Amino acid sequence: MRVTLGALILSISFGVLVLIDLIGNTLVILVVVSNRYMHTPVNYLLLNLAVADILIGLAILPQYVLRYAFRHPEGVAGDWLCKFLTGGNFIWVGGAASLFTLIAIAFERYFAIIHPYTALGKITARKLKILVITSWAFAALKDGTPFFVMNYDPVIDFCMETWSHITSARAFTAVTFVLDSLIPLSLMSYLYGRIVHCLWFSGAPPVRELSGFALLRARKKITKMILILTMLYALFWTPVVVLYFISYYGIPNISYSSAAYNTSVVFVCLNSSVNPFVYSFQNERFRRGFRDLLKSREVGYNIAHLGQLAGSSLERKTRENRTKRKFTDFRRWTAKVADTKV
């Protein structure tokens, strides 16, 4: 299989981004799970976002990183492999779960800041479970159709959607554009517009408890972090959604496997890779959690290393004692043989 320089650079770029994605988001999950002070509804939603980012990285891996490491099978086996592994369908599932999670966080921030005395926006443990389950159910329902139409095309050596009619393809991509971009981004723009105006431009704290400005400062910090996450999602996901929407209208150099589409997937992977850095730079608790996690891993490594040194020292002494014992037994045997000859 002949691999061009451009394709090789693309695969390496994806490989680096996927590695950063998997390591960074795994650390996010460990920080939230292992530290009690991180057990808040918003942080658990961010954990769900990290899981979605990991799924996106794992879905990109076989399609773009390992694509030239094996020969893709054809026929029925190739079609099934495209549907569930090499076709990238789970990229869209992870993206939909991320989007739903960001919308849930936007509503939580809106009610916490604009309507702090209403119980509607408070996320209880039960509501949190419902939100997480619903995010993945929504993702599976919205992006389940490509699993039925994705098949392997041996001519271009790429997984492609094979619709029975072009009208069906255009209808589905239009629905995807509306649900992945138009409605959610408009909704979050309105919610965060109200939030930003209330926190930064209203001239007065929204609730009486903010007279000391400590809670106001904390709310500004968390809102700023979530707002950055939302803006990055919009920036990095809009190109692939738009290209997918117009890919069935016969526009030159715009297709499901074109260079422009593959480049837009790089932005998607970049979005999943930078999210952990946003948590670290914008949230003191996440920075503290990362430091505590790395320190605990360092201590664990030192203990394990000391254990290995102690074990090797004991093993070395055991070998020396065994050698001495064998030498003593040999001397006794030679002396006994000499006595017998005499």
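Starting from 1, residues in each chain are numbered consecutively following that chain's sequence as written. The predicted origin of the model limits local features to residues at a pLDDT of at least 70 and limits the giving and counting of side-chain atom pairs to 80 or more, whereas totals for whole chains, interfaces and linings rest on all residues. Remark: hydrogens and water are excluded; side-chain values derive from all non-hydrogen atoms of the structure.

**Brief notes about the overall build of the protein**
Scanning the protein from terminus to terminus reveals 10 helices and 2 strands. Classification of residues uses two cut-offs on accessible area relative to the type maximum, computed with a 1.4 Å probe and protein chains only: under 20% is buried, over 50% is exposed, and between them is partly exposed. Within the protein, the proportion of its 342 residues that are buried is 41%. The contacts in the protein between residues at least 6 apart in sequence include a share of 78% that link residues at least 24 apart. In these tables, accessible area is a Shrake-Rupley quantity obtained with a 1.4 Å probe, and a residue counts as shielded only by the protein chains included in the view. Here the protein displays about 18900 Å² of accessible surface, and carbon together with sulfur accounts for 68% of that area. By definition, any uninterrupted DSSP run of H or I lasting at least four residues is a helix, any uninterrupted run of E lasting at least two residues is a strand, and each is numbered from the N terminus. Residue contacts are defined here by distance: any two heavy atoms, one from each residue, within 4.5 Å place the two residues in contact.

**What to know about empty space enclosed by the protein**
Lining residues are defined by having an atom within 4 Å of a point belonging to a cavity or pocket. Those points lie on a 1 Å grid over the protein atoms alone, cavities being sets where a 1.4 Å probe fits but cannot get out and pockets being open sets with protein on both sides within 12 Å along at least five of seven lines. Grid points are joined across faces, edges and corners, and a volume is the space filled by probe spheres set on the points. According to the stated counting rule, one finds 4 cavities of 30 Å³ or more in the structure shown. Estimated volume of the largest cavity: approximately 120 Å³. Along the wall of the largest cavity there are 11 residues; nearest its centre are Q63, R67, H72, T86 and D157. Those elements giving two or more residues to the lining of the largest cavity turn out to be α2 (41-65) and β2 (158-161).

**Topic: α2**
By this rule, a helix spans an expected 1.5 Å times one less than how many residues it contains. The terminal C-alpha atoms of α2, which comprises 25 residues, lie 35 Å apart, in line with the 36 Å expected from a rise of 1.5 Å per residue. Burial within α2 is extensive, with 18 of its 25 residues counted as buried.

**Things to note about the environment of L85**
Within the secondary structure layout, L85 lies in helix α3 (residues 75-86). Accessibility expressed as a relative area gives 44% for L85, which makes it partly exposed. Considered as a pair, L85 and L61 are 24 residues apart in the sequence and their alpha carbons are 9.2 Å apart. Setting aside residues no more than four positions away along its own chain, L85 makes contact with A59 and P62.

**Here we look at the pairing of β2**
Residues of β2 alternate between two faces, with F158 and M160 on one and C159 and E161 on the opposite face, all of them buried. We treat two strands as partners when DSSP finds at least two bridges between them. Where strand β1 (residues 150-153) meets β2, 4 bridges bridge the pair, whose relative direction is antiparallel. Across the sheet, Y152 pairs through a bridge with C159, a residue of β2. Between the antiparallel neighbours β1 and β2 lie 4 residues, among them D157 with a positive phi of about 55°.

**Here's the deal with the nonpolar core**
Nonpolar core, defined: a set of buried Ala, Val, Leu, Ile, Met, Phe, Trp, Tyr and Cys residues in which side-chain atoms within 4.5 Å join the residues together. The biggest cluster of nonpolar side chains holds 75 residues, and the ones touching the most others in it are L46, I60, I226, W237, Y261 and F286. In terms of residue count, the dominant contributor to this core is helix α8 (residues 214-246) (13 residues). Excluding anything up to four places from it in sequence, I226 contacts V42, L46, I105 and Y192.

**Remarks on the state of the cysteines**
Note on terminology: disulfide denotes any pair of cysteine sulfur atoms within 2.5 Å. This structure, assessed with the given rule, holds 1 disulfide. What pairs with C82 in a disulfide is C159, and their sulfur atoms sit 1.9 Å apart. Taking the torsion about the sulfur-sulfur bond, which here is approximately -75°, the covalent link between C82 and C159 counts as left-handed. Remark: C159 occurs in strand β2 and C82 occurs in helix α3; sequence separation between them is 77 residues. Of the two residues examined, C82 and C159, each falls in the buried class.

**Observations regarding the environment of S98**
Within the secondary structure, S98 is located in helix α4 (residues 89-113). Between the alpha carbons of S98 and S272 there is a distance of 9.6 Å; along the sequence they are 174 residues apart. Not counting residues up to four positions away in its chain, the partners in contact with S98 are L49, A52, D53, I56 and Y233.

**Here's the deal with the layout of surface pockets**
Volume-wise, the largest pocket comes out at about 480 Å³. Looking at the largest pocket, it is lined by 17 residues, and the ones nearest its centre are A218, R219, I222, N283 and R285. Elements supplying a minimum of two residues to the lining of the largest pocket: α2, α8, α9 (259-282) and α10 (284-341). Here the lining of the largest pocket takes 5 residues from α8, the largest share from any one element. Broken down by class, the residue content of the lining of the largest pocket amounts to 7 nonpolar, 4 polar and 6 charged. What the second largest pocket holds in volume is close to 290 Å³. Residue lining of the second largest pocket: 17 residues in total, with F100, I103, A104, F107 and L131 positioned closest to the centre. Elements with a minimum of two residues in the lining of the second largest pocket: α4, α5 (125-142) and α7 (166-201). Residues were grouped as follows: Ala, Val, Leu, Ile, Met, Phe, Trp, Tyr, Cys and Pro as nonpolar; Asp, Glu, Lys and Arg as charged; and all remaining residues, including Gly, as polar.

**Here we look at α5**
Under the 1.5 Å per step criterion, the end-to-end length of α5 is 26 Å for 18 residues, consistent within 8% with the ideal 26 Å. For α5, the full list of buried residues reads L128, S135, A139 and K142. Around the axis of α5, the buried residues are gathered within 85° of arc, so they sit on the same side. Turned more than 90 degrees from where α5 packs its buried face, A125, R126, K129, I133 and L141 sit exposed. The inward-facing, buried residues of α5 abut α2, α4 and α7. Within this analysis, the arc is defined by the directions that extend from the helix axis to the C-beta atoms.

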